[in-house]
Amino acid sequence: MLETMDSSVGYNFSISENQEMIRKMVKDFAEKNIRANVMEWDEAQYFPVEVFKKLGELGLMGVLVPEIYGGSGFGYQEYVDVIVEVAKVCGSIGLSVAAHNSLCTGHILAFANEEQKHRWLPKLATAEWIGAWGLTEANTGSDALRMMTTAVLDGDEYVINGAKNWITHGKTGDIAVVMVRTGEKGSSKGISAIVVERGTPGFSAGKKENKLGMRASETTEMIFDNCRVPKENLLGNVGEGFKQAMKVLDGGRISIAALSLGIAKGAYEAALQYAKERHQFGQPIANFQGISFKLADMATEIEAAELLIRQAADLKNRGLPMTKESAMAKYFASEVSVRCSTEAVQIFGGYGYTKDFPVEKFYRDSKLCTIGEGTSEIQKIVIAREVLKD
């Protein structure tokens, strides 16, 4: 537990009864429904929709959604636990759970009106519908203000044209929150957020990416060709989309930080067990200083990453500013994930380089965490901008 006199950073990290219950439930679910299939799904790049339907039945696809809209009504600490426990077994499933909860569902929860919330959230919270979120384009990754996808009001409908890239659930998703340009290119007030339902004419999926890691989490283009959407699907007011997206990404950084932490923990736990069981020169390799120091570094960095994540989650729960804290958590945890998975492969030696052992997949999955929802370099820009305000 960490305590200070400043209420903005005074937080209690005692494990609640809800958290303990959720951890056990998710851990048991992952062992029963995910672990045996991890490599099969990875090799085939298969997105297991049926698993997400089961997660929805447990309330884990609407962790943050209030019960009035069909969700579980939990906070960010419980949400972090869900992502961590899933990612300890499979980063791909963890990524998809995170994207569904924090991006699409989170955007609607934060900025939709009551009619819209009652219309869409119950289906998302139960995983009757899988959600997608579209910001990135082929030529505008971090430079979102110059997006090319446009929405032009024509009577009672918006006509959307353009394409979004690197979209989680871009093909399978039943509903997408899409950022579109409704004003001047380069203006923060020139972007709006519109919800598009699957089956809307002119809305289709494009190329599916063949990825290094996270291969069971679907990543595709979303294409809009004179796609007509009712103006009632606009979230908030015209021109508020960029501001909304930045706030959604603040919470999304906690998601990716938790995903990173789960991957790091999974790699560390596998390496720790292996180091105790693998014998060389008549003793476990864990006895050798070269190996034990790697484990010590991994354990320390994982603890530090979790503290940053829990701090950001606490601020988010209390509705306090957390742009800096979420960026710090995402930046540090994602880099820790890469370092821990790399060291895990090293501890396994040649076996770590094969697909017969889990650390090879942790190694491949971890890298996306330093890229998705803002690269490590972008996180540094955000952090620097925040600290220089003082």
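No experiment lies behind these values; they were computed from the predicted model shown.

Quick notes on the rules
- Residues numbered from 1 in each chain as written.
- Predicted model: local features only at pLDDT ≥ 70, side-chain atom pairs only at ≥ 80, totals over all residues.
- Heavy atoms only, no water.
- Helix = DSSP H or I, 4+ residues; strand = E, 2+ residues; numbered from the N terminus.
- Polar contact = N/O pair within 3.5 Å; in protein donor to acceptor, adjacent residues only side chain to side chain.
- Contact = heavy atoms within 4.5 Å.
- Core = buried A, V, L, I, M, F, W, Y, C linked by side-chain atoms within 4.5 Å.
- Buried < 20%, exposed > 50% of the residue type's maximum accessible area, 1.4 Å probe, protein only.
- Domains from an automatic or database assignment.
- Axes fitted to C-alpha atoms, helices over the stretch in contact; angles between N-to-C directions.
- Parallel < 35°, antiparallel > 145°, perpendicular 65-115°, else oblique.
- Left-handed = near helix turned anticlockwise from the far one by under 90°.

(A) Focus on the side chain of Arg215. With respect to the element layout, Arg215 can be found in the loop between strand 6 (203-208) and strand 7 (219-230). Within the structure, the side chain of Arg215 is placed 3.0 Å from the side chain of Asn210, a separation counted as a polar contact. Those residues in contact with Arg215 that lie beyond four places of it in its chain are Asp42, Glu43, Gln45, Tyr46, Ser92, Asn210 and Arg364.

(B) A look at the nonpolar core. Ranked by internal contacts, the top residues of the largest apolar core, which has 69 residues, are Ile34, Leu55, Ile93, Leu259 and Ile347. Considering each element in turn, this core owes the most residues, 14 residues, to helix 7 (residues 241-277). Structurally, this core is a two-domain feature, drawing no fewer than three residues from each of domain 1 (17-130) and domain 3 (242-389).

(C) Seen up close, the side chain of Ser96. Mapped onto the elements, Ser96 comes out in helix 5 (residues 91-111). Excluding residues within four positions of it along the chain, Ser96 makes contact with Phe47, Phe52, Thr168, His169, Ser217 and Glu218.

(D) Inspection of the packing of helix 1 (residues 17-33) against helix 4 (residues 76-87) at higher detail. With their axes 9 Å apart at the nearest point, helix 1 and helix 4 run at an angle of 20° to one another. Viewed along their axes, helix 1 and helix 4 adopt a mutual orientation that is roughly parallel. Crossing handedness for the pair helix 1 and helix 4: right-handed. Residues Asn18, Gln19, Ile22, Arg23, Val26, Lys27 and Ala30 of helix 1 touch helix 4, and the partners they reach there are Gln77, Glu78, Asp81, Val82, Glu85 and Val86.

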